[in-house]
Amino acid sequence: MNYGKSLTVHPVRNGLGIIALRAFEPGDLLCRVRGRIVTANQVWRYWKKDRRRGENCFRYDADHYLDPEGEIGAYANHACNPNARVVRTPRGIYLRALKPIAAGREITHDYSTLLGADDVWTMKCNCGERNCRRIVANVARLPAVVMRRYQRLNAIPAFILKTMTS
Ligand SMILES: C[S@@+](CC[C@H](N)C(=O)[O-])C[C@H]1O[C@@H](n2cnc3c(N)ncnc32)[C@H](O)[C@@H]1O
Ligand SMILES: [Zn+2]
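One numbering rule holds for all chains: residues counted from 1, following each sequence as written. Just so you know, chain letters begin at A and ligand numbers begin at 1, following the order they were written in. Two thresholds apply to this predicted model, a pLDDT of at least 70 for residue-level local features and 80 or more for giving and counting side-chain atom pairs, whereas whole-chain, interface and lining totals are computed over all residues.

This brings us to the environment of Y65. Helix numbering and strand numbering both begin at the N terminus, where a helix is a DSSP run of H or I of at least 4 residues and a strand a DSSP run of E of at least 2. Note on placement: Y65 falls in strand β7 (residues 64-67). Taking the number of C-beta atoms within 10 Å as the measure of exposure, Y65 has 22 and is therefore buried. The spatial distance from the C-alpha of Y65 to the C-alpha of V86 is 14 Å, given a sequence separation of 21 residues. Note on contacts: residues are paired as contacts if their backbone-placed C-beta atoms lie within 7 Å. Ignoring sequence-local partners within four residues, the contact set of Y65 consists of V38, A40, V43, C57, F58, R59 and Y60. As a rule, residues whose C-beta atom has 12 or fewer other C-beta atoms within 10 Å are exposed, those with 20 or more are buried, and those in between are partly exposed; C-beta atoms are placed from the backbone.

When DSSP finds at least two bridges between two strands, those strands are taken to pair. Direction of pairing for strand β4 (residues 29-33) relative to strand β10 (residues 92-97): antiparallel, over a ladder of four bridges. Residue pairing across strands places R32 opposite Y94, the latter belonging to β10. With six bridges joining them, strand β9 (residues 84-89) and β10 adopt antiparallel strand pairing. Counterpart to R85 in the pairing with β10 is R96.

Turning next to the environment of V139. Locating V139 in the fold gives a position in the loop between β13 (135-136) and α3 (144-152). Expressed as a C-alpha distance, the spacing of V139 and H109, which sit 30 residues apart in the sequence, is 13 Å. What V139 contacts, discounting residues up to four positions off in sequence, is S112, T113, L115, G116, A117, I156, I160 and M164.

Our focus in this paragraph is the sheet that holds β9. Paired through their backbone hydrogen bonds, the strands of a sheet run either parallel or antiparallel. Strand order in the open sheet made by the three strands is β4-β10-β9, with antiparallel pairing throughout. The open sheet has two edge strands with one neighbour each: β4 and β9. In this sheet, adjacent strand axes meet at a mean angle of 25° when their direction is disregarded. Here, axes are lines fitted to C-alpha atoms. For helices the fit covers the stretch in contact, and angles between N-to-C directions go from 0 to 180 degrees.

Now for the site of ligand 1. Around ligand 1, the structure places 15 residues, and the nearest of them are G15, L16, N77, H78 and N126. Elements that contribute at least two residues to the shell around ligand 1 include exactly β3 (15-20), α2 (51-56) and β8 (77-78). The element contributing the most residues to the shell around ligand 1 is β3, with three residues. Throughout this description, a residue near a molecule or strand is one whose C-beta atom, derived from the backbone, lies within 6 Å of it.

Read from one edge to the other, the open sheet built from three strands follows the order β5-β7-β6, with strand pairing classed as antiparallel. Looking at the sheet topology across the chains shown, the edges are occupied by β5 (36-39) and β6 (58-59). Of the strand pairs in this sheet, β5 and β7 are connected by four bridges, and their pairing is antiparallel. Bridge assignment links V38 to a residue of β7, and that residue is Y65. In this fold helix α1 (residues 40-49) packs onto β5 and β7, with an angle of close to 90° to the strand it touches most, β5.

Below, the discussion takes up unusual backbone geometry. What you tend to see is this: most non-glycine residues have negative phi, and most peptide bonds are trans. Although it is not a glycine, R134 adopts a positive phi angle of roughly 70°. The topology assignment puts R134 in the loop between β12 (123-124) and β13. With 10 C-beta atoms packed within 10 Å, R134 lands in the exposed category. Here the phi dihedral of N154 falls at roughly 60°; this positive angle occurs in a residue that is not glycine. Here N154 shows up in the loop between α3 and α4 (158-162). Looking at N154, the number of C-beta atoms within 10 Å reads 12, which means it is exposed.

What follows deals with the nonpolar core. Residues enter a nonpolar core if they are buried, belong to Ala, Val, Leu, Ile, Met, Phe, Trp, Tyr or Cys, and are joined to the set through C-beta atoms within 7 Å. Ranked by size, the top nonpolar core spans 38 residues in total, and within it L7, I18, L30, F58, L66, L95 and I107 carry the most contacts. Elements represented by at least two residues in this core include exactly β3, β4, β7, β9 and β10. Beyond its immediate sequence surroundings of up to four residues, I18 is in contact with L7, V9, I72, Y75, A76, E106 and I107.

See below:
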């Protein structure tokens, strides 16, 4: 399945993933993460009926998540050395390139940058990167060196950072 002219979905190391069909430069907009805005309670209901769907939801603000079912965001895999970051604007959630991305490369972001300090979800990581953390947990559990790097790159949305102080 293609999503516009720039992205497609293909089998990768961790199931299906998003693949670049052209090169991107750091800062380039990769895609909008479309989906339905749902409450945290709705995500719990997904969890009970269809764990996969619950796990796919993107944190949207303190009380809401974005459910990307049927959209490209449902295929966004995690890596501990990601090439994309999630950006939240008043209009929605977007993926932007963090580094140069060649055509044919998988697009990944770091799930911890969207897991508030109050999020209890964790995932065993199989990204295969040299700096793999093995367990992906919430933003408060990021190693200090990774946290500093992501803050420098503006890779953690403000509403996620706020969960560390509130
Ligand atoms: C948003 S979906 C991504 C699409 C998924 N790969 C598929 O085939 O449907 C997120 C799920 O992909 C898997 N996943 C993504 N990144 C992973 C990683 N680095 N290591 C292990 N599993 C991963 C996990 O099952 C996670 O809950
Ligand atoms: Zn990893």
